[in-house]
2 protein chains.
Amino acid sequence: MPPFIPPLADPSKTVSSLVAERALVSFPIEPLTQFLHGANLDPQRKIRNLLEQDPVFSNADKPFLSREKMYVRSLEKAAKLVEMRKKNNWSDEDMMRAMMMVGDSTPQFLHEALFIPTLRTQLSDEQQKIWLPKAVNYEIFGCYAQTELAHGSNLRKLETTATFIPETDEFEIDTPTINAMKWWPGALAQTSTHCAIYARLILHGKDYGVHPFLLQIRAPGTHAPMPNIEIGNLGNKIGFNTIDNGFMRVHKVRIPREQMMMRNSKVTREGVYVPAKNAKMNYSTMVAIRANIVKNAGYALGQALTIAIRYSMVRVQGGDRIPSQKGEELKIIDHGMQRFRLTTSLALSYAMLMTGRVMTDLHKRNLKNVVQGEVGLMAEVHATSSGLKALTSDLATAQMEDARRACGGHGYAWCGGIVDILTTTLQDVTVEGENTILHLQTSRWLLKTVLQAKKTNDLSMVPSGLRSALAGNHVIEDEKSTIVPGQPISGETLIAAFWHREARVLQEVVLQILKDGAGEEAMAKSQVQMVELSRTHGEGMLVRNFYEAIAQQEQVIRNEHKADPTKGYLPVLKMLCELHAIHRLIEQSGDFLEDGYVSRRQLNWCKDRRSQLIDLLRYEIIGLVDAFDISDNQLNSAIGRKDGRVYESLYEWAKYGMTIMEKGSQGGVLGFDEVMKDVLAEGRRLNGVATSKL
Amino acid sequence: MPPFIPPLADPSKTVSSLVAERALVSFPIEPLTQFLHGANLDPQRKIRNLLEQDPVFSNADKPFLSREKMYVRSLEKAAKLVEMRKKNNWSDEDMMRAMMMVGDSTPQFLHEALFIPTLRTQLSDEQQKIWLPKAVNYEIFGCYAQTELAHGSNLRKLETTATFIPETDEFEIDTPTINAMKWWPGALAQTSTHCAIYARLILHGKDYGVHPFLLQIRAPGTHAPMPNIEIGNLGNKIGFNTIDNGFMRVHKVRIPREQMMMRNSKVTREGVYVPAKNAKMNYSTMVAIRANIVKNAGYALGQALTIAIRYSMVRVQGGDRIPSQKGEELKIIDHGMQRFRLTTSLALSYAMLMTGRVMTDLHKRNLKNVVQGEVGLMAEVHATSSGLKALTSDLATAQMEDARRACGGHGYAWCGGIVDILTTTLQDVTVEGENTILHLQTSRWLLKTVLQAKKTNDLSMVPSGLRSALAGNHVIEDEKSTIVPGQPISGETLIAAFWHREARVLQEVVLQILKDGAGEEAMAKSQVQMVELSRTHGEGMLVRNFYEAIAQQEQVIRNEHKADPTKGYLPVLKMLCELHAIHRLIEQSGDFLEDGYVSRRQLNWCKDRRSQLIDLLRYEIIGLVDAFDISDNQLNSAIGRKDGRVYESLYEWAKYGMTIMEKGSQGGVLGFDEVMKDVLAEGRRLNGVATSKL
């Protein structure tokens, strides 16, 4: 097992620049950490402390491993967690926390957070009695097999079939073409023994659409693929290489009818189809995962910024020609551009975390309803989670990449720590609904709501900020922003600006689509504008939710904590929130200037105010990232460690890496034994260098 | 050696959708390819044909290899090229072409394109006589050791020392601190025997700044590090893992005085420093590399788009609800958003290629001058190359990542082909001057030029489009764009818009900096605005150079080819050029709307015109990417191959990958032997499953 190398950060050896930075933070960190993590904080920390005593959970070797070795190491971590759960009597929630605290992705996550929940939501009560104990105790290990080689987000077109065989009371699962092979499921290539496979249900020759089935894919004991099942691995990916994404071809494999997942739709012994009470219930798992992606976008970006901001306070470079520097270089955080990009990204990260809160609440309320057969909230939750998933995964990954670049060369190396978290998060723009498609879902919902309201004159379903979009063409143009140059910009003013922009974009799209006949052709024609509409909707939500979360917390501090909300972290979050809204407005200034809603003078004030806020936050940002409470082993970054011992750590880490790196075939330097020995010998021969001279 | 798997594209088996697309292109491809590659085309193709007969150059195994194995494979390719050069009597230019045609990065590139040119530009004639034959014949293999663990772009602060020892006529090279270790040089970790090391020259206790020296780092025959030299490898990186980036610590190692590189500055036997005639000559190599990055940004993006555009014409998904589709899915290129993002990126790629032409010409003229001791062009070339390198590497990598996402899941896998080219190109935002620093260099030059002109009233050095920035505050604001809604937008109108925007930004920065005292402090304070200024400068250059290249080629076709430039590819390039300029204007619309230069009506027309152009180019884009003439082995993409056999290729490739993937320790499934066997057995035990049942 690898040691925790470099030794985990030691507060007593923290570099002086970070000590100095931390001393200047205006608020105590711990209350903010409690606010961010809530009731999870204590159990999380307890579990993490436990994990970080066992070197199996050291992530120190990860920057040096091949895909294959990363995978095996992730299984070692997973196996240990199974053991620890039993020993420590962890609840399901604790297990989920533990997987989060590992600081690495393992195939176990697909089993615990995707396969088992699928069993819970798709199997009937009787089916659960049989299968859940198997899955929970790891007698079987499962994955979720939906996407096919030639079919992704458009589930209607999946090709895998499950044909009912009345004679034997079985389904025959089949991959009719190469294009129909299951392609991409995580944990499929090597880890899983079973999968939830999505296939077209065929009854007496009739196609009933895609349904989930339970299929055993590997034999117990040998783990060999079951007869007529071909399974393989996709090879390297840009990230997420701890996970064995796989492909699978199934040649007419029979399963008992009871292995159709029958909580919702059913097939009787006679081969009669009993439809689900509500077809949308199948989407519930997907909504949960999307809500999670929104939340995690904020944390993942926070992780990248923890690294980039700490590093920027240790690294010095340039600025030595500024007279007041007297030849000394500046901390790179004190370069305006570096501070600008990292502080605005930090504001975004908090905006996403706050929105994640609201989303999770909404999902929980929705799930409760769905279980009780109520699906009223589903359309809105589904639509909202779609566009927000797309927007936040886009923005978070773009800013993580920006943070990586802000770390220069050390950001390019795996030991820098951002590479891993970035390339893992990159999958989020594609999985669980590709982003463009998701934006279109949100827009369709917005359009449908507005067109319906136009028809019925009933505005109750239209968000109040968007009602002006229903009025004539010119009403919106007469609005003007209430930004007052020279004064801080209020939440009301900024929220109104985002509503105004969205209403205008919505109005334009509605008019265009009505002009084009309001059908599918019309929407297809306006696809670029529809994606834009969903983005504006999401941008507005980020701003509103940030303000709302602050307002709520203000009440909690005042009423529950009986404390003064004008002290501590809240005033700092308010600045961050104003910064976020102003920055996003400036970044998309064309949209706000276009119809004269924001004037040039107002825009210039926004830019000045943004600079002011960045300056005001200069000595708070280390506190704002420390508050995320990400441990050094989770960060796994030589340059972002809490004690700031950047260079020592890079050196020690590279030396450790050398101890596990492959040697040359003759035990010499890798590549020399294999190739360069001969190349250089030939060079000497050409130049007439006698071998004896060596 | 790996086979060329999947078999290289076979025109006779091209999928019907690509055949149909190609039949609709309005121009013959070959003349455009000739225009893009010029005189290089024929020798390039000849060499590529030669390479692609030898499986050592197959890149098919790359998506499945570990960093270590990728590195060894890249050496095999390099060794073969050394052999082929001799056998085929290749010129230096041919060798460079061959390295480009390999479609993979090898450490050889650092030896041939960085180390040897350094010897040529930094060694005196006598020194070259000794060292060049060694390097050219691969008796020695060299790298370029400049960056240090704690020091990057600010060369003034490098710490490594070279102290003159008069007694023995030697220099003592030393790494005084951990922070001073050489860190990052490519080909340092394992491949190189020698390096060009940059160190502070110390003569009789006085520091003369950073100079290049030649240092032997490994022993012939054994390849063991030389005494008192510690060398290591940095581990995995986000990309470029065929290259052994390394670190090096040098403990007071002596080299003969003659191993200071003395073409420019010199040290005599007495330890007297003879400065270079022009200190800037040292920067010449760097300028060449930056010019190359600009050019390659266009090609790298072109490569990613070749993949994404071909794939988008084969992949079908969604759209089956549009009535006219009658239940069939659309080619994804026929989704508006997909077409929009890929076509605008393609326009950018061409804009960068055209700018690359101009840059390379400028560099060649400059190099000729420098060799003759003329450095008049240097300031402009250096400044121009800086900002453009930053802008183009930023934009190209952003759009490559966008192209990767546009390929959905298959874009995330290495076999998709974009991952490798993207993660390799990502280094370009950091190497050879970090992008922010480079933007600041361009801005400094612009500001210096303008402030000088203000002082002297001599406007001759100020680009004509920027002279209005020197006038009073209001002159620029009175200008209005000549865009006429409903009409195609002319080059003059668009070029004027970019000049106007840049002049306004420049004027604002100048006023601010003059207000703040015009010194280093003032510039430091306006860093964010200065980066913006350089970006606007680069954006304008991309637009102008695209128009200029077309105008020049129009003359060539008319006068040299005696052909009709209104036929063939040129009208298509004109549309692409208009699209590029309009799209960039819309993307940054706030800048153009802010002062009323562009009205809302004009902006709306720009958006409509952009859509028109994208539609007009719909059946040209396959021709525009085919014209890049990138072979399937260079692309190394299952989804971008010329014959469009996407799914078959993905499947065959994954199956091939399985043959070289590591097995489990007992010969079973990887991960099962090592870990999962026990986990699953324990699960069965817990559930009371008798082992005999297996």
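Reading the values: rules and limits
Residues numbered from 1 in each chain as written. Chains lettered and ligands numbered in written order. Predicted model: local features only at pLDDT ≥ 70, side-chain atom pairs only at ≥ 80, totals over all residues. Heavy atoms only, no water. Helix = DSSP H or I, 4+ residues; strand = E, 2+ residues; numbered from the N terminus. Rg over C-alpha atoms; globule rule 2.2 N^0.38 Å. Buried < 20%, exposed > 50% of the residue type's maximum accessible area, 1.4 Å probe, protein only. Contact = heavy atoms within 4.5 Å. Areas by Shrake-Rupley, 256 points an atom, 1.4 Å probe, with all protein chains shown as cover. Lys, Arg positive; Asp, Glu negative; His and termini not counted. Charge placed at Lys NZ, Arg CZ, Asp CG, Glu CD. Least-squares fit on C-alpha atoms with pLDDT ≥ 70 in both. Core = buried A, V, L, I, M, F, W, Y, C linked by side-chain atoms within 4.5 Å. Buried area = accessible area lost by both parts, 1.4 Å probe. Salt bridge = Lys/Arg side-chain N within 4 Å of Asp/Glu carboxyl O. Polar contact = N/O pair within 3.5 Å; in protein donor to acceptor, adjacent residues only side chain to side chain. Nonpolar A, V, L, I, M, F, W, Y, C, P; charged D, E, K, R; others polar. Phe/Tyr/Trp six-rings, centres within 6.5 Å; stacked < 30°, edge-to-face > 60°. Lys NZ or Arg CZ within 6 Å of the ring centre and 35° of its normal. UniProt positions renumbered as here; feature names shortened; annotations may be inferred. Axes fitted to C-alpha atoms, helices over the stretch in contact; angles between N-to-C directions. Parallel < 35°, antiparallel > 145°, perpendicular 65-115°, else oblique. Left-handed = near helix turned anticlockwise from the far one by under 90°. Pairing = 2+ DSSP bridges. Expected span 1.5 Å × (residues − 1).

**Student:** How would you sum up the overall build of chain A? Please name residues and give values.
**Tutor:** Secondary structure summary: chain A contains 23 helices and eleven strands in total. For 694 residues, the compact-globule formula gives about 26 Å, and the C-alpha radius of gyration of chain A, at 28 Å, lands near that figure. With respect to the three principal axes, the spread of C-alpha positions in chain A is 95 × 90 × 60 Å. A burial count over chain A gives 62% of its 694 residues as buried. A fraction of 73% describes how many contacts in chain A between residues 6 or more apart in sequence connect residues 24 or more apart. Entry remark: accessible area of chain A is about 25600 Å², with carbon and sulfur atoms responsible for 53%. Averaging the positions of the 82 positive and the 79 negative side-chain charges in chain A gives two centres separated by 1 Å.

**Student:** How would you explain the relation of the copies chain A and chain B if you had to name every residue and give the values?
**Tutor:** Between the two copies, chain A and chain B, the superposition gives an RMSD of 0.0 Å; the rotation angle is 180° and the shift along the axis is 0.0 Å. Expressed as an axis order, the relation between the two copies is that of a two-fold axis. No C-alpha of chain A lies nearer the rotation axis than that of Gly590(A), which sits 1.8 Å from it. An overlap of 100% is found between the interface residues of chain A and their copies at the interface of chain B, pointing to a shared contact surface.

**Student:** Describe in detail the nonpolar core, supporting the description with residues and values.
**Tutor:** Within the largest apolar cluster, 389 residues are counted, with the highest numbers of intra-cluster contacts made by Leu215(A), Tyr350(A), Leu215(B) and Tyr350(B). Those residues in contact with Leu215(A) that lie beyond four places of it in its chain are Ile173(A), Thr193(A), His194(A), Cys195(A), Ile197(A), Ile229(A), Met248(A), Val250(A), Val253(A), Ile255(A) and Gln259(A).

**Student:** I'd like a rundown of the interface of chain A and chain B, residues and numbers included.
**Tutor:** Often the size quoted for an interface is simply the accessible area lost on bringing the parts together. Between chain A and chain B, the contact holds 138 residues from the first and 138 residues from the second. Of all residues in chain A, the largest losses of buried area upon contact with chain B belong to Tyr412(A), Arg600(A) and Tyr651(A), amounting jointly to 8% of the total for that side. Where chain A packs against chain B, one counts 16 salt bridges. With a closest N to O distance of 2.7 Å, Lys86(B) and Glu682(A) form a salt bridge. If you look at where chain A meets chain B, you find 61 residue pairs in polar contact (both at pLDDT 80 or more). Sort the elements by how many residues they give to the side of chain A that touches chain B and helix α23 (residues 672–686) of chain A lands first, with ten residues. Of the residues assigned to the side of chain A that touches chain B, the class counts are 58 nonpolar, 41 polar and 39 charged.

**Student:** Before we move on, can you summarise the pattern of salt bridges with the specific residues and values?
**Tutor:** Residue and element names in this part refer to chain B. Evaluation of the coordinates by the stated rule reveals 120 salt bridges over all chains. Note that Arg-85 is salt-bridged to Glu-112, the shortest N-O span being 3.0 Å. A residue pair is termed long-range when its members are at least 10 positions apart, and Arg-85 in helix α4 (residues 67–88) and Glu-112 in helix α6 (residues 107–122) qualify at 27 residues.

**Student:** Which residues make up the packing of aromatic side chains, and what are the values?
**Tutor:** Inspection of every chain in the model, using the stated rule, returns 24 aromatic pairs over all chains. Ring centres of Phe171(B) and Phe213(B) lie 5.0 Å apart, and the angle between their planes is 70°; on these two criteria the pair is classed as edge-to-face. With Phe171(B) in strand β3 (residues 170–174) and Phe213(B) in strand β6 (residues 206–216), the pair connects residues that are 42 residues apart, well separated along the chain. Phe213(B) carries the same exposure label as Phe171(B), and that label is buried. Aromatic ring contacts, followed pair by pair, group Phe164(A), Phe171(A) and Phe213(A) into a single cluster. For Lys655(A), the ring lying beneath its charged end belongs to Tyr651(A), and the centroid distance is 4.1 Å.

**Student:** Hey, could you go over the UniProt feature "active site" (unreviewed entry) in chain A for me, with residue numbers and the actual values?
**Tutor:** UniProt annotation of "active site" (unreviewed entry) refers to Glu432(A) when read in the numbering used here. Here Glu432(A) shows up in the loop between α12 (418–425) and α13 (435–456).

**Student:** Which residues make up the packing of helix α14 (residues 491–515) of chain B against helix α16 (residues 527–560) of chain B, and what values go with them?
**Tutor:** All names here are of chain B. The geometry of α14 relative to α16 is characterised by a closest axis approach of 9 Å and an angle of 160° between their N-to-C directions. As far as their axial angle goes, α16 and α14 are roughly antiparallel. The element α14 and its partner α16 pack so that their crossing is left-handed. Of the residues in α16, those in contact with Gly-491, Leu-494, Ile-495, Phe-498, Trp-499, Arg-501, Glu-502, Val-505, Leu-506, Val-509 and Ile-513 of α14 are Gln-529, Met-530, Leu-533, Thr-536, His-537, Glu-539, Gly-540, Val-543, Arg-544 and Tyr-547.

**Student:** Before we move on, can you summarise the sheet that holds strand β7 (residues 229–233) of chain A with the specific residues and values?
**Tutor:** As a general point, the strands of a sheet are linked pairwise by backbone hydrogen bonds and lie either parallel or antiparallel. Residue and element names in this part refer to chain A. Pairing in this open sheet of three strands is antiparallel, and the strands run β4-β8-β7 from one edge to the other. Either end of the sheet is taken by a strand with one partner, and the two such strands are β4 (182–183) and β7. Bridge count between β4 and strand β8 (residues 246–250): two bridges; the pairing is antiparallel. Across the sheet, Trp-183 pairs through a bridge with Phe-247, a residue of β8.

**Student:** How would you explain the environment of Val15(A) if you had to name every residue and give the values?
**Tutor:** Residues and elements named next belong to chain A. Tracing the sequence through the fold places Val-15 in the segment before α1 (16–23). Residue class for Val-15 comes out partly exposed when judged on its relative accessible area of 23%. Taking C-alpha positions, Val-15 is 51 Å from Ala-503, a pair spaced 488 residues apart along the chain. If sequence neighbours within four positions are ignored, Val-15 has contacts with Val-314, Asp-643, Gly-644 and Arg-645.

**Student:** Account for the side chain of Arg501(B), naming residues and giving values.
**Tutor:** Residue and element names in this part refer to chain B. Turning to its location among the elements, Arg-501 is positioned in helix α14. Taking the relative accessible area as the measure of exposure, Arg-501 reaches 0% and is therefore buried. Apart from the residues lying within four places of it in its own chain, the contact partners of Arg-501 are Thr-536, Glu-539, Gln-588, Asp-591 and Phe-592.

**Student:** Mind laying out helix α19 (residues 600–616) of chain B, listing which residues take part and the relevant values?
**Tutor:** When the terminal C-alpha atoms of α19(B) are compared, their 24 Å separation across 17 residues agrees well with the 24 Å that a helix rising 1.5 Å per residue should span. Of all the residues in α19(B), the buried ones are Arg600(B), Gln602(B), Leu603(B), Trp605(B), Cys606(B), Arg609(B), Arg610(B), Leu613(B) and Ile614(B).

**Student:** Give a detailed account of unusual backbone geometry, specifying residues and quantitative values.
**Tutor:** Apart from glycine, the bulk of residues carry a negative phi angle, and the bulk of peptide bonds sit in the trans form. Positive phi, close to 50°, is recorded for His204(B), a residue that is not glycine. Among the structural elements, His204(B) can be located in the loop between β5 (194–203) and β6.

**Student:** Describe the pairing of strand β2 (residues 161–165) of chain B, with residues and values.
**Tutor:** All names here are of chain B. Counted residue by residue, β2 has four buried out of five residues, so it is predominantly covered. Across five bridges, the pairing between β2 and β3 is antiparallel. Paired with Phe-164 across the strands is Phe-171, a residue of β3. A loop of four residues connects β2 with β3, the two strands running antiparallel in sequence, and Asp-169 in this loop sits at a positive phi of about 60°.

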